[in-house]
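# Structural overview
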Amino acid sequence: MTSSEAQKEILSLIQQINYHNNLYYQQSRTEISDFEFDQLLEKLIALEEQFPEHKKEDSPSQRVGGTITKSFNTVVHKYPMMSLSNTYSKEELTDWDNRVAKGLEGQGYEYFCELKFDGVALSLTYENGLLKRAVTRGDGTQGDDITANAKTIRTIPLSLSGEIPSEFEVRGEVYFPKHEFERVNKEREDIGEDKLANPRNAASGTLKMQDSSIVSSRKLDCYLYYLLGQDLEYTTHSDSINQIEGWGFNVSPTYRKCKTIEEVLEYIAEWEEKRHTLPSETDGVVIKVNRLDQQDQLGFTAKSPRWAIAYKYKAESASTILESISYQVGRTGAVTPVANLKPVLLAGTTVKRASLHNANEIERLGIRIGDTVSVEKGGEIIPKITGVDLTQRSDSSTPTEYITNCPECDTELVRLEGEANHYCPNTDGCPPQIQGRIEHFIQRKAMDIDSLGSETIRGLLDQGLIKDYSDLYTLTFEHLNGLEFKSFSDKKGDYSLRSLREKSASNIIKAIDESRKTPFEKVLFALGIRYVGQTVAEKLATHFETIQKLSEASLEELIEVPEIGDRIAESVVGFFKESNNRELVERLKTAGLQFEIVKQELVSEGTNLADKSFVISGVFTQFSRDELKEKIKANGGKVVSSISGKLDYLVAGDKMGPSKLEKATKLGVNIISEAEFLDLLGA
Ligand code: IVH
């Protein structure tokens, strides 16, 4: 392809992608499958890599991230980012309304009400229709430039068309949509990672991540609520909101103009419950004077505008009784205590359970069975116990003692140093752990045999037809057809007996058979090694290429793989140390599963690096590490994982570990930078 052909193709791809994005995000419609969409995007990314001269600043490829920002630049805000004065009281709100009336000396005025989103404030600067900068609030005067990360937020336009002011700033709130937050936490739980505490902190932490591709995978969103700039043509706040909405920004559909403070109070009452149905967490209502000339007239105090105020909802809480504590055991053996409460109505739903997290939390609360406790739901998904009413405690109550043995298999629990959770170490004999591992194995992201539901798995286990996931490959249609299993109607343990139909049985057999073709990286994820999630499995599979090499890798060799830390390395080594696990893998091999990476045809680019060996370490600006490896291989070089005297080059990026540098220096290895590597390529 010539450069000008590439340019044409890039433009056409951008147009198609933008068209489908717009359809999806603005009109909630789709015309092509996710797969087809991803293919367009991949094609664009490949072309942009090959012809960087045609890569555009507002290319939709930026949405997938990939940029590594080592440290964020500090940017001084053109207009300071102020905070709002807030109140929990309706009287204070009426007092504020009186001050506004007085300040406006008898002029008529109206308010603009919108919800107060509980996320992270962000300021976006557009110049000539292009998104130039995204900066966090910071201390209000200066914040961090997180442009690469903000560009991964799909609803933030990268460019605008039509009649747009040449320069303006628009501010809003980035939030972690509730359903996305749950999805990410499920994934983390799945591989034994600690869960993210709450959507707000998670959004803030995500925006400050160095690797924008992780930011992209978290699917943050953003509501815009404030337009700023010189020579903008609008006279009211509501006009400005309509304008930015027209330009394609995401504006919350919850705003409303109110003529009087009574109408404001109605708005507040109306959203008190309804707000829980919104995708973002909210903690109040923001009330703004609508006319801009009146905003100017009222002005600012040192910290906040006089023309706006936040009314905050009290965190909803209710009082109830702790009836019992039950303990759940997960796939990894981690034990979670759950509070069973006397049912109580809270924020529109009946609450019967709350998580107690771990033994520390129980100790911190000093909670006892029979205690009167307060439960809160700050818009969050799972209610939490925030306190114990000691005045109501019965004299006969006794301190809670954490269980010492597994509630499922009675094995003595262990608690590792530095970990908050207790674990059941009976990996191979504890029913929920066995069941959990099989459920992990069959899920769509892994072996994709999810026609096999959890009740059927339980049936198979109960009847001794399987003992672990490798036994799935010994099942026949006859085993499954008519298989009896218990169907549970609720968590109390009531069930009815059902039997598997012919059609389902044959579907399951088909899916098991198909799963033999699943690529190695997914099989590796399916094994359920603690801390080895999808991405880590991909990294390990590409690096080691076969399960044989991975299982023989030492701690040091594992740690030398980019992005693999001590914790993961120890877990992998630990997994393959167990003879049970090695046998399990052998059985899967015999069953015909894929335990080697399928190599892609390498397109040769030259022989400048012929027979030279390379170790790459650290973070690079122009290439991802995988790209760098491809480049080395495509030019005849070899990528190795450990530093030895025989090594030709260590390509050193930023953030490289000091021990590697020391070792390479000692052994007299050539240490080269990314730029020097490029010279070598071109030489
Ligand atoms: S207007 C001059 N509108 O609340 C202040 N802020 O305490 C202009 N916030 O830093 C801000 N939802 O992060 C405004 N609908 C909304 C908001 C909102 C949330 C946040 C924002 C601000 C903080 C002020």
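Residues numbered from 1 in each chain as written. Predicted model: local features only at pLDDT ≥ 70, side-chain atom pairs only at ≥ 80, totals over all residues. Heavy atoms only, no water.

### Notes on the overall build of the protein
Applicable threshold: A run of H or I in DSSP counts as a helix once it spans at least four residues, and a run of E counts as a strand once it spans at least two, with each numbered from the N terminus. We take the radius of gyration over the C-alpha atoms and set the globule estimate at 2.2 Å times the residue count to the 0.38 power. Each residue's exposure class comes from its accessible area (1.4 Å probe, protein chains only) as a fraction of the maximum for that residue type: buried when under 20%, exposed when over 50%, partly exposed otherwise. We call two residues in contact whenever any of their non-hydrogen atoms come within 4.5 Å of each other. In this description, accessible areas are obtained by the Shrake-Rupley approach with a 1.4 Å probe, and a residue is regarded as covered only by the protein chains that are shown. Here the positive residues are Lys and Arg and the negative ones are Asp and Glu; neither His nor the chain ends is included. Charged side chains are reduced to one point each, which is NZ for Lys, CZ for Arg, CG for Asp and CD for Glu.
Helices and strands together make up the secondary structure of the protein, namely 24 helices and 22 strands. Taking 26 Å as the expected radius of gyration for a compact globule of 683 residues, we find that the protein reaches 29 Å, a close match to that expectation. Structurally, the protein occupies a C-alpha span of about 85 × 80 × 55 Å along its principal axes. Scored against the burial criterion, the 683 residues of the protein give a buried share of 45%. The contacts of the protein with a sequence gap of at least 6 include a subset with a gap of at least 24, amounting to 66%. Carbon and sulfur atoms make up 47% of the accessible area of the protein, which totals about 34800 Å². Charge centroids of the protein, computed over 83 positive and 107 negative side chains, lie 1 Å from each other.

### A short note on empty space enclosed by the protein
Our working rule: Whether a set of points on the 1 Å grid over the protein atoms alone is a cavity depends on a 1.4 Å probe fitting there but being unable to get out, while an open set qualifies as a pocket with protein on both sides within 12 Å along at least five of seven lines; lining residues are those with an atom within 4 Å of a point. Grid points are joined across faces, edges and corners, and a volume is the space filled by probe spheres set on the points. Ten residues, namely Ala, Val, Leu, Ile, Met, Phe, Trp, Tyr, Cys and Pro, are considered nonpolar, four, namely Asp, Glu, Lys and Arg, are considered charged, and the remaining ones, Gly among them, are considered polar.
Across all of its chains, the model carries two cavities of 30 Å³ or more by this definition. Estimates place the volume of the largest cavity at around 60 Å³. If you go around the largest cavity, the residues you meet are His543, Glu560, Pro562, Val615, Ile616, Lys629, Val639, Val640 and Ser641. For the lining of the largest cavity, a count of residues per class yields five nonpolar, two polar and two charged. Phe112, Glu114, Phe117, Tyr223, Leu224, Tyr225, Ile241, Val251, Ser252 and Tyr255 together form the lining of the second largest cavity. Looking at the lining of the second largest cavity residue by residue, the class counts come to eight nonpolar, one polar and one charged.

### Considering the site of the ligand
Convention followed: Whether a residue is near a molecule or strand depends on its heavy atoms: if one lies within 4 Å, it is near. Each polar contact in these results corresponds to two N or O atoms within 3.5 Å; when the atoms are within protein, one needs to be able to donate a hydrogen and the other to accept it, and residues that are neighboring in sequence are counted only if both atoms are side-chain atoms.
Of all residues adjacent to the ligand, which total 14 residues, the nearest are Leu115, Phe117, Glu173, Tyr225 and Lys288. At a separation of 3.0 Å, a nitrogen atom of the ligand approaches a polar backbone atom of leucine 115. In this structure, a nitrogen atom belonging to the ligand sits 3.2 Å away from a side-chain N or O atom of lysine 288. For the ligand, whose accessible area on its own is 530 Å², the fraction buried by protein is 91%. If you list the elements that add at least two residues to the shell around the ligand, you get strand E3 (111–117) and strand E10 (282–289).

### Re the side chain of lysine 178
Counted only if it meets this: When a carboxyl oxygen of Asp or Glu is within 4 Å of a side-chain nitrogen of Lys or Arg, the pair counts as a salt bridge.
Within the fold, lysine 178 resides in helix H5 (residues 178–190). No salt bridge is formed by the buried lysine 178, whose closest oppositely charged neighbour, glutamate 281, lies at an N-O distance of 6.2 Å.

### Describing the sheet that holds strand E20 (residues 638–639)
Applicable threshold: Strands were regarded as paired on the criterion that DSSP finds at least two bridges between them. Axis definition: a line fitted to C-alpha atoms, limited for helices to the stretch in contact. Angles are taken between N-to-C directions and run from 0 to 180 degrees.
Spatially, four strands are ordered E20-E19-E21-E22 in an open sheet, and the strand pairing comes out parallel. Strands with a single pairing partner mark the edges of an open sheet, and in this sheet they are E20 and strand E22 (670–672). Pairing of strand E21 (residues 649–652) with E22 involves three bridges; the strand directions are parallel. Residue pairing in the sheet places leucine 650 in a bridge with isoleucine 671 of E22. Taken strand by strand, helix H22 (residues 625–634) contacts strand E19 (613–617), E20 and E21, and its axis lies near 170° from that of E19. Each of E19, E21 and E22 is contacted by helix H24 (residues 674–682), which is oriented at about 105° to E22, the strand it contacts most.

### Brief notes about the environment of alanine 318
Looking at where alanine 318 falls in the secondary structure, it is placed in strand E12 (residues 316–329). When the C-alpha positions of alanine 318 and serine 159 are compared, they lie 47 Å apart, and in sequence the two are 159 residues distant. Apart from residues no more than four positions distant in its own chain, alanine 318 is found in contact with Val344, Leu345, Leu346, Val373, Ser374 and Val375.

### Examining the pattern of salt bridges
Per the stated rule, a full pass over the model turns up 30 salt bridges. Residues arginine 183 and glutamate 187 are paired through a salt bridge, measuring 3.1 Å at the closest nitrogen-oxygen approach. One end of the pair, arginine 183, and the other, glutamate 187, are both in helix H5, four residues apart, so they sit about a helical turn from each other. Arginine 530 is the partner of glutamate 419 in a salt bridge, and the nearest nitrogen-oxygen pair spans 3.7 Å. One end of the pair, glutamate 419, is in the loop between strand E16 (384–388) and helix H12 (431–442); the other, arginine 530, is in the loop between helix H16 (520–526) and helix H17 (534–544), with 111 residues separating them in the sequence. For glutamate 419, a relative accessible area of 25% puts it in the partly exposed group.

### Some thoughts on the packing of helix H20 (residues 566–577) against helix H21 (residues 579–590)
Note the cut-off: Note on terminology: angles under 35 degrees are roughly parallel, angles over 145 are roughly antiparallel, angles of 65 to 115 are roughly perpendicular, and the others are oblique.
Taken N-terminus to C-terminus, the directions of H20 and H21 make an angle of 80°; their axes are 5 Å apart at the nearest point. Judged by the inter-axis angle, H20 sits roughly perpendicular to H21. Listed contacts from H21 to Phe575, Phe576 and Lys577 of H20 are Ser579, Asn581, Arg582 and Val585. Among the residues forming the contact of H20 with H21, the class breakdown is three nonpolar, two polar and two charged.

### Some details on H22
Side chains that are three or four residues apart share a direction in an α-helix, a result of its 3.6 residues per turn. Listed as buried for H22 are Arg625, Leu628, Lys629, Ile632 and Ala634. The inward-facing, buried residues of H22 contact H17, E19, E20, E21 and H24. After H22 finishes, the residue glycine 636 shows a positive phi value of roughly 90°.

### Looking at the sheet that holds strand E7 (residues 167–175)
Read from one edge of the open sheet, four strands run E5-E4-E7-E8, paired in antiparallel fashion. Only two strands of the sheet have a single neighbouring strand rather than two, namely strand E5 (130–136) and strand E8 (221–228). The sheet shows a mean angle of 30° between the axes of neighbouring strands, direction not considered. Of the pairings in the sheet, the one linking strand E4 (residues 120–127) to E7 comprises eight bridges and is antiparallel in character. Paired with leucine 122 across the bridge in E7 is glycine 172. Of the strands in this sheet, E7 and E8 are in contact with helix H8 (residues 237–246), which crosses E8 at around 130°.

### What to know about the packing of helix H1 (residues 3–27) against helix H2 (residues 34–50)
The cut-off we apply is this: If you view the pair so one helix is near and one far, a crossing is left-handed when the near helix is turned anticlockwise from the far one by less than a right angle, and right-handed when it is turned clockwise.
With their axes 10 Å apart at the nearest point, H1 and H2 run at an angle of 145° to one another. Once H1 is placed against H2, the crossing between them reads as left-handed. Residues Glu9, Ile10, Leu13, Ile14, Gln16, Ile17, His20 and Asn21 of H1 form the contact with H2, whose participating residues are Phe37, Leu40, Leu41, Lys43, Leu44, Leu47 and Glu48. Along the lines of polarity and charge, the residues of the contact of H1 with H2 split into nine nonpolar, three polar and three charged.

### Overview of the pairing of E19
Using the following cut-off: We call a crossover right-handed when, viewed with the strands running away from us, the connection from the first strand over the helix to the second turns clockwise.
Here E19 lies mainly inside the structure; five of its five residues are buried. Residues Ser613, Val615 and Ser617 of E19 are buried on one face, and the alternating residues Phe614 and Ile616, pointing to the opposite face, are buried as well. When E19 meets E20, the two strands line up parallel, connected through two bridges. Bridge pairing in E20 places serine 613 opposite lysine 638. One crossover worth recording links E19 to the parallel E20 by way of H22, and it is right-handed. Where E19 and E21 come together, four bridges link them in parallel fashion.

### Section: the pairing of E12
Of the pairings in the sheet, the one linking E12 to strand E15 (residues 372–377) comprises six bridges and is antiparallel in character. Considered in E15, the bridge of isoleucine 321 is made with threonine 372. Between E12 and strand E13 (residues 335–346), which pair antiparallel and follow one another directly, the connecting turn spans five residues, one of which, glycine 333, has a positive phi of 90°.

### Comments concerning unusual backbone geometry
Phi is positive for histidine 357, which is not a glycine, with a value near 65°. Mapped onto the elements, histidine 357 comes out in the loop between strand E14 (349–355) and helix H11 (359–365). Here histidine 357 falls in the partly exposed class, since its relative accessible area comes to 43%.

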